[in-house]
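Listed here are the chains, written in short residue letters.
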Amino acid sequence: MEVKIGVQHAPREIVLESGQSVEEVERMVTEALAGKTQLLSLQDEKGRKILVPTERLAYVEIGEPAVRKVGFGTL
């Protein structure tokens, strides 16, 4: 699943592929925004952790990755 995180005062968004479920990521974001934690902590498919301070979150987009088509075909 693809997760995009917008960070305030940062020119680029953070994009990661996560093996976590949509519900799990949404719960973690909701808890961070509710003030239960000071950091939003997500893990990507390669095991790397991404930590973002909750006061710097601009937006979080949760969605399925687009399937990339390979080869030749008619449009």
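Preceding block: the structure.
The residue numbering used here restarts from 1 in each chain and proceeds along that chain's sequence as written. Only residues with pLDDT of 70 or above have their local features reported here, since the model is predicted, and side-chain atom pairs are shown and tallied only from 80 upward, although totals for entire chains, interfaces and linings are computed over all residues. As a rule here, side-chain values cover all heavy atoms of the structure and leave hydrogens and water aside.

## Comments concerning the environment of serine 41
Line of reasoning, step 1. Per the convention used, a helix needs a DSSP run of H or I reaching at least four residues, while a strand needs a run of E reaching at least two, with both numbered from the N terminus. In this structure, serine 41 sits in strand β3 (residues 39-43).
Line of reasoning, step 2. Serine 41 sits 13 residues away from methionine 28 along the chain, and the two C-alpha atoms are 7.8 Å apart.
Line of reasoning, step 3. Setting aside anything within four residues of it in sequence, one finds serine 41 in contact with Met28, Lys49, Ile50 and Leu51. Any two residues whose heavy atoms approach within 4.5 Å at even a single point are treated as in contact.

## A closer look at the side chain of threonine 54
Line of reasoning, step 1. With respect to the helices and strands, threonine 54 occurs in the loop between β4 (49-53) and β5 (57-63).
Line of reasoning, step 2. The residues contacting threonine 54, other than those within four sequence positions of it, are Ala32, Thr37, Gln38, Leu39 and Leu40.

## Focus: the pairing of β4
Line of reasoning, step 1. Residues Ile50 and Val52 point to one face of β4 and are all buried, whereas Lys49, Leu51 and Pro53, pointing to the other face, are not buried.
Line of reasoning, step 2. Counting the residues in the hairpin turn of β3 and β4 gives 5 residues, including glycine 47, whose phi is positive at 90°. Relative accessibility under 20% of the residue-type maximum defines a buried residue, over 50% an exposed one, and the middle range a partly exposed one, all with a 1.4 Å probe and only protein chains included. Pairing between strands is defined by DSSP: at least two bridges between them are needed.

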